[in-house]
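# Structural description and commentary
Spelled out from the first residue to the last, the chains are:
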Amino acid sequence: MRAGIGRWPVQTPPWRRPAAGWHRFPEMPGLCAALDIGTTTVVLALLDGQGNLVRECRWVNPQKRWGADVLSRLEHYHEMPRGLIRHLVDPELGTVRRLVVTGNTVMTHIWLETDPAPLARSPFVIPHPDRIITRCMGRQEIVCAPFAPYVGADIRTGLLEVLAQDHAERFLYMDLGTNGELALYDRGRITVCSAACGPALEGAGISIGMPALPGAIAAVYHEQSDWTAATIGGQVPAGVCGSGLIAWVDGLRQADLVTRAGKLKACPEIAGLALTQQDIRMFQLAKGALQAAWQLLVPDPADLEEILIAGGFSLGLDEAACIRLGLFHPARNGKIRFCGNTALKGACRLAVNPEPDDLQAQVLELEQDPRFAETFARAMLLQEVSGCRT
């Protein structure tokens, strides 16, 4: 039996205390830091030389003004002021000696102030395909390398964190967000792919959507006509984040208020908030892209030992709801682990001990797969997956 990654409380970052399968980092003098630049959220972790969390800072990505997804950021890159993220982060770094940066490929290139335009057109080219090491304000800055144009450094650092612990010999790693990124690990071989999910799973593009911040609906409950919600921080509902959207759509399906094809019959209000037909459609697009990706990457999920669900909001997900809606395969019930922001955890590991990795991956190009369109169309249905036809 493997120790596993385990389910950690949202409010307690896992590098703060030892857990099953956790290896303490080698020591380094002074402070170091890790930065995860997400399309929606930016997270900075400040660590001491032993790898203990000193402080965590979190912001909404200020680039959202130019669009909610990576394609919008690519299109409007030249309109953005340079150093938007750096202006947030630099005041928090103080005497930090080393900063490790991870994130999707577009975000890391914007951090490097490199025009990411080659990522927007075929043949897709990564301007910086390798690890970049620079110095800034007396500190070393390491920007981690992506696997592919749309499988970024966040997947690399997430996998490094998983592989540093006891792990299964065959598992599927899924990072849920604006761009769904997947990695199949099979006895040392890695195959990766990405799916353009759109911003719904991060609370964007939804009429009442918001990031996973205090006041966001994170879970929805109903009993007959009584609908209630739990919010982050226990505050009055101000909107819905990704986990809340999934729970809400699942509740509507169970109450027969939305059909499996996604037609919304009615949506009871919660604190004056309600989902619209367009919101359901946005969720279907995200869910369909993600489901189609894993069905083509892993035709038979029964062969997997476990599925690891990464992403900042994954710890708030309801496994049963995800299975009922078809996000995950029912054959893996009980073997799905929600492991939170492994990308940031892996970056923290590298910040303390920045040894180069030797991870190599084969890329599955979904847009070139003739099966994708049909698989995606089937995956739009809001129902449990009965099989993996490819």
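Everything in this summary refers to the structure shown in the same document. (Residues numbered from 1 in each chain as written. Predicted model: local features only at pLDDT ≥ 70, side-chain atom pairs only at ≥ 80, totals over all residues. Heavy atoms only, no water.)

### Focus on the nonpolar core
Membership of the largest hydrophobic core comes to 55 residues, with the highest contact counts inside it found for Met174, Trp248, Leu252, Leu275 and Phe328. A per-element tally of this core places helix 6 (residues 277–297) first, with ten residues. (Core = buried A, V, L, I, M, F, W, Y, C linked by side-chain atoms within 4.5 Å. Buried < 20%, exposed > 50% of the residue type's maximum accessible area, 1.4 Å probe, protein only. Helix = DSSP H or I, 4+ residues; strand = E, 2+ residues; numbered from the N terminus.)

### Describing the pairing of strand 5 (residues 132–136)
Both strand 5 and strand 6 (residues 139–143) contribute to a ladder of five bridges, which runs antiparallel. Each bridged residue has a counterpart across the sheet, and for Arg135 the counterpart in strand 6 is Gln140. (Pairing = 2+ DSSP bridges.)

### As for the sheet that holds strand 10 (residues 216–223)
Spatially, three strands are ordered 11-10-12 in an open sheet, and the strand pairing comes out mixed. Here the strands that pair on one side only, and so sit at the sheet edges, are strand 11 (226–231) and strand 12 (239–240). Relative to strand 12, strand 10 runs parallel, the two being bridged by two bridges. Directly across from Ala216, in strand 12, lies its bridge partner Gly239. Sheet contacts for helix 5 (residues 242–254): strand 10, strand 11 and strand 12; angle to strand 10, the most-contacted strand, approximately 20°. (Contact = heavy atoms within 4.5 Å. Axes fitted to C-alpha atoms, helices over the stretch in contact; angles between N-to-C directions.)

### Topic: the pattern of salt bridges
Under the definition given, this model contains 15 salt bridges. Where Arg187 meets Asp186, a salt bridge forms, and the shortest distance between an N and an O atom there is 2.6 Å. With a closest N to O distance of 3.3 Å, Lys265 and Asp256 form a salt bridge. Shared partners join several salt bridges into a network, and the residues in it are Arg86, Asp90, Arg139 and Glu141. (Salt bridge = Lys/Arg side-chain N within 4 Å of Asp/Glu carboxyl O.)

### Here we look at the side chain of Thr375
Assignment of secondary structure puts Thr375 in helix 9 (residues 372–379). The residues touching Thr375, leaving out its near neighbours within four places in the chain, are Ala292, Gln295 and Leu296.

### Focus: unusual backbone geometry
Look at the link from Ser122 to Pro123: it is a cis peptide, with omega at 0°. Among the structural elements, Pro123 can be located in the loop between helix 3 (105–111) and strand 5. Its identity as a non-glycine residue notwithstanding, Glu113 has a phi of 55°, on the positive side. By secondary structure assignment, the location of Glu113 is in the loop between helix 3 and strand 5.

### Some points on the pairing of strand 11
Along any regular strand the residues' side chains alternate between the sheet's two faces. With six bridges joining them, strand 10 and strand 11 adopt antiparallel strand pairing. In the strand pairing of strand 11, His222 is matched with Trp227. Remark: two residues form the turn of the hairpin made by strand 10 and strand 11, two consecutive strands paired antiparallel; Gln224 in that turn has positive phi of roughly 55°.

All quantities given are derived from atomic positions and should not be read as evidence of function.
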